[in-house]
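Letter by letter, the chains look like this.
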Amino acid sequence: MTRNFEELENLLSAAIAAGEPGRFDDLALEVYRYQREYNPPYDQYCRLLGAGDSPAGWREIPALLQAAFKYAALRSFPAAKEIAAFHTSGTTGADRGVHHFSSLRLYDEAVLRGWDLLGLQPLPQIILIAHPSDAPHSSLSHMMGTLKARAANAEQHWCINTHGQLDLDRLRDLVDEFSRRGQPVMLLGTALAFLHWFEALEGSSLALPIGSLAFETGGYKGSGRTLSKASLYAMFQKRLGLAPDDIINEYGMTELSSQCYTRGLDRPHTAPPWVRTIAVNPATGREVADGETGLLQIYDLANLGSVFAIQTRDLAIRRGADFELLGRDPAALPRGCSRAADVMLSATS
Amino acid sequence: MNTVERAHAIADACRDFEHLLGPVSAEMFLDWLRIELGHESVLDGFQTIGNQMLRAVAPRVILHIVSGNTPHAALQSLVRGLLLGSRNLCKLPSGGLPDAEAFVARLPADLRARVEFSTRHPDPGLAAADAIIVFGSDETVEHFRALALPNQIFLGYGHRISLGIVFEDAAFESAPLAARDASLFDQQGCLSPHCIYVADRPQEYAARLAGEIERFEGTSPRSKLSLSEAAAISESRETARFRMAIGHDVHLWESRESDAWTVIYDGDPIFHPSVLNRVIYVRPLPEDPTAAVELARPCLSTIAIWPNTQPFAERAASLGASRVCALGRMQDPPWTWRQDGRHTLAPLVTWRSWEPDITRYLGGLNRS
């Protein structure tokens, strides 16, 4: 018999708190069966694929395309019970995906437990991301708000104004103040926000107290900007005095509830124990061997209210249970006559 | 070597490349010169054109910047420069371009000496060129346009989109032709259709098209893809499959155990670009398709129609296409084709004029 939402939520909450992956397969199959029963669009997709009710293991559970969140309300609960919805970025309403929630309990627990697994000392937080009250549909803003529980003395300073712009004066004042106090801080922001800040510094540098850290996430989507991770981290070093190992990168997305992390350069991302990742060959759908590249699929038990298994748009190299993120490669995507000339240009300029 | 001799020599060398260039003859090249420059020998000396004596001067050096995935465009560009008698610096992608190199090897020594290939960054060639022709994305074209000097002739061919429209076809006779258009060059060219609009029974047409593309794949397998390209196809397919599952008016046909070809019928008539590599959409043709193709309009190149009659051609042209042709002929534009709605030879030449009849000029003065 399938358990109800609350019963499953309790089970999963305990698994997240314990950080114990031992029962992953059992939990995965329970969540799958529950979602087949209560999430009609996902069930219809599985039926079309001919997927049965009792897969042999979590790897056999059909992963749903990330983009599917644009086309249907993928709720595993009645719409009337919805209490929150996070929207993906997009230029128009039509190309935005929505992740619906009847409860944020597992989401918040995954954020906090995942953070704890990084083993960081609590620090005051300077945040280069919109406040949740200014961006109620941003999963990243919600995550930042949740991380207040891991800030030293719950001290958070938000540096994106209500117009969505970086408050450069406030940032400088805050860094100066913490430097005077000799109090290390945690800077949290998107890669794009950091890039804008570094460019606004116009060659000058700021001195952060020793022990400070940075958390960066996201790419440069929609900005027309590209910058390698190594180049961005060199800017962290030059402008803020932060070494690559002082920087944590998060891989997450609106359609998931959990996050994967890496620290420094040239290390793979690690998923928390209640999440599994694999890479599949896009042409065959079969899992690639260790060291090979494929499309990243993420199996997130905290996604109880939506879909457990998500097929992302990102390419990654499989590194054991971890993955080395390559991301989407826009230059390699087909664009008619342009592709080879673009490759030539990017290789030589 | 005068222009007529060059036309013959180039046509001879083109014969082995008709799979890329379509039918070729010296007479076609001479027609092209007559249409665009007014006379086939106007590059060799003054000729009477209308009531004037004119001589065309070709660029001394043309720099061609071409893509590796559209060898036909590279060959066409080279033919252009050779016919004009220019020296041609051809910047190839790093992997080279075997078709272009094989073509040049078939030219007589005099013409062969007028072509120089390079895979290096073309900055040195940029400064030496009197004219620059670039095929690439809008960003690539703008990059080179910004580098061009004010006195250089610049022709940029950026991102273009093409599509097909089947106005009437009770027996689906055009399906194999549409399959050929969508499959040639793995759909990489600007003249490859992203979508076929079908007025009558579009879903049935899509099923027929799928069969024809599968047949084409049997004799001309698609090239191997990069992982990113394969990922893009996977995303298109799974999106279609999911929409099908949840009851959208969508249907998917796909090659088994491979991503060699994909046909997606989508009941939504709004145009969306394909990820290419033999992924083709079929959509119902609205009464007035203007709004449906709005997204494609700024970069619309060719609309292939069926049947290929003038009333339908007028309707297709009114949607913004610079070229209208029959389905099955999308990849075979004539040499006289106005690419992107512009001449292809005329913008490259400059003119010398001679006024031999001085008395007419004086007579004009006397009348005042």
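Conventions we followed
Residues numbered from 1 in each chain as written. Chains lettered and ligands numbered in written order. Predicted model: local features only at pLDDT ≥ 70, side-chain atom pairs only at ≥ 80, totals over all residues. Helix = DSSP H or I, 4+ residues; strand = E, 2+ residues; numbered from the N terminus. Rg over C-alpha atoms; globule rule 2.2 N^0.38 Å. Buried ≥ 20, exposed ≤ 12 C-beta atoms within 10 Å, placed from the backbone. Contact = placed C-beta atoms within 7 Å. Domains from an automatic or database assignment. Nonpolar A, V, L, I, M, F, W, Y, C, P; charged D, E, K, R; others polar. Pairing = 2+ DSSP bridges. Axes fitted to C-alpha atoms, helices over the stretch in contact; angles between N-to-C directions. Parallel < 35°, antiparallel > 145°, perpendicular 65-115°, else oblique. Left-handed = near helix turned anticlockwise from the far one by under 90°. Core = buried A, V, L, I, M, F, W, Y, C linked by C-beta atoms within 7 Å. Expected span 1.5 Å × (residues − 1). Arc of directions from axis to C-beta.

Re the overall build of chain B
Here comes step 1: Within chain B, the secondary structure is distributed over 13 helices and 15 strands.
Here comes step 2: Expected size for 368 residues packed as a compact globule is a radius of gyration near 21 Å; at 23 Å, chain B falls within 12% of this value.
Here comes step 3: The 368 residues of chain B split such that 48% are buried.
Here comes step 4: The long-range fraction of contacts in chain B, counting pairs at least 24 apart against all pairs at least 6 apart in sequence, stands at 67%.

Let's talk about the domain arrangement of chain B
Residues and elements named next belong to chain B.
Here comes step 1: We note that the domain assignment places domain 1 (3-159 + 338-354) and domain 2 (161-326) within chain B.
Here comes step 2: Taking the mean C-alpha position of each, domain 1 and domain 2 sit 31 Å from one another.
Here comes step 3: At the junction of the two partners, domain 1 supplies seven residues and domain 2 supplies six residues.
Here comes step 4: Residue composition of the side of domain 1 that touches domain 2, by class: no nonpolar, five polar and two charged.

So, the sheet that holds strand 12 (residues 279-284) of chain B
Residue and element names in this part refer to chain B.
Here comes step 1: With respect to topology, seven strands assemble into an open sheet ordered 10-11-12-9-8-13-14, the strand pairing being mixed. Edge strands, defined here as strands with exactly one partner in the open sheet, are strand 10 (250-254) and strand 14 (323-326). Shown here is a sheet whose adjacent strand axes are inclined to one another by a mean of 20 degrees, direction ignored.
Here comes step 2: Strand direction decides the pairing type here: strand 8 (residues 161-166) and strand 13 (residues 300-306), joined by five bridges, are parallel. Paired with Val166 across the strands is Trp306, a residue of strand 13.
Here comes step 3: Helix 11 (residues 227-245) rests against strand 10, strand 11 (262-266) and strand 12 of the sheet, and its axis sits at about 135 degrees to strand 10.

Re the sheet that holds strand 1 (residues 47-49) of chain B
All names here are of chain B.
Here comes step 1: On the basis of which strands lie adjacent, the open sheet formed by three strands has the order 1-2-15 and antiparallel pairing. What marks the edges here is a single partner per strand, and that holds for strand 1 and strand 15 (350-354). Between one strand and the next, the sheet's axes are offset by a mean angle of 50 degrees, whatever the strand orientation.
Here comes step 2: Two elements, strand 1 and strand 2 (residues 52-57), share three bridges in a ladder whose sense is antiparallel. Following the sheet pairing, Ile49 is matched in strand 2 by Gln52.

A short note on the pairing of strand 2 of chain B
Residue and element names in this part refer to chain B.
Here comes step 1: Hairpin connection from strand 1 to strand 2: two residues lie between these consecutive antiparallel strands, with Gly50 at a positive phi of about 65 degrees.
Here comes step 2: In this sheet, strand 15 lies alongside strand 2 in antiparallel orientation, the contact comprising five bridges. Bridge pairing in strand 15 links Ala56 to Trp351.

A look at the packing of helix 3 (residues 40-49) of chain A against helix 11 of chain B
How two helices sit against one another is set out by the angle between their axes and by the gap between those axes.
Here comes step 1: Helix 11 of chain B packs onto helix 3 of chain A with a crossing angle of 110 degrees between their chain directions and a minimal axis gap of 8 Å. In terms of orientation, helix 3 of chain A and helix 11 of chain B fall into the roughly perpendicular class. For the element pair helix 3 of chain A and helix 11 of chain B, the recorded crossing hand is right-handed. The residues of helix 11 of chain B that touch helix 3 of chain A, namely those facing Gln44(A), Tyr45(A) and Leu48(A), are Arg241(B), Phe242(B), Met244(B) and Ala245(B).
Here comes step 2: Counted by class, the contact of helix 3 of chain A with helix 11 of chain B contains five nonpolar, one polar and one charged residues.

Digging into the nonpolar core
Here comes step 1: In terms of nonpolar packing, the biggest core is built from 143 residues, with Leu128(A), Leu301(A), Ile196(B) and Leu209(B) touching the most fellow members.
Here comes step 2: With seven residues, helix 11 of chain B is the largest single contributor of residues to this core.
Here comes step 3: Not counting residues within four places of it along the chain, the set of residues in contact with Leu209(B) comprises Ala175(B), Ala178(B), Ala179(B), Ile196(B), Val263(B) and Val282(B).
Here comes step 4: Counting residues in each nonpolar core, the second largest holds 51 residues, with Leu21(B), Leu63(B), Leu82(B) and Leu345(B) among its members.

Digging into the domain arrangement of chain A
All names here are of chain A.
Here comes step 1: Entries for chain A in the domain assignment read domain 1 (5-106 + 272-319) and domain 2 (118-268).
Here comes step 2: Relative placement of domain 1 and domain 2: their C-alpha centres are 28 Å apart.
Here comes step 3: Contacts between the two partners involve 20 residues from domain 1, matched on the other side by 13 residues from domain 2.
Here comes step 4: For the side of domain 1 that touches domain 2, the secondary-structure elements that each account for two or more residues are strand 2 (84-87), strand 11 (293-300) and strand 12 (309-319).
Here comes step 5: Residues of the side of domain 1 that touches domain 2, tallied by class, amount to 10 nonpolar, eight polar and two charged.

Concerning the environment of Gly328(B)
Residues and elements named next belong to chain B.
Here comes step 1: The topology assignment puts Gly328 in the loop between strand 14 and strand 15.
Here comes step 2: For the pair Gly328 and Ser183, spaced 145 residues apart in sequence, the C-alpha to C-alpha distance is 11 Å.
Here comes step 3: Residues in contact with Gly328, not counting those within four places in the same chain, are Leu177, Arg180 and Asp181.

Side note on helix 8 (residues 229-240) of chain A
Residue and element names in this part refer to chain A.
Here comes step 1: With 12 residues, helix 8 should cover 16 Å at 1.5 Å per step; its first-to-last C-alpha distance of 16 Å lies within 8% of that length.
Here comes step 2: Those residues of helix 8 not exposed but buried are Leu232, Tyr233, Phe236 and Leu240. The buried residues of helix 8 occupy an angular sector of 95 degrees when the element is viewed end-on, so they sit on one face. Away from its buried face, by an angle of more than 90 degrees, helix 8 presents the exposed residues Ala230 and Ser231.
Here comes step 3: Along its buried surface, helix 8 packs onto helix 7 (191-200), strand 7 (213-217) and strand 8 (247-251).

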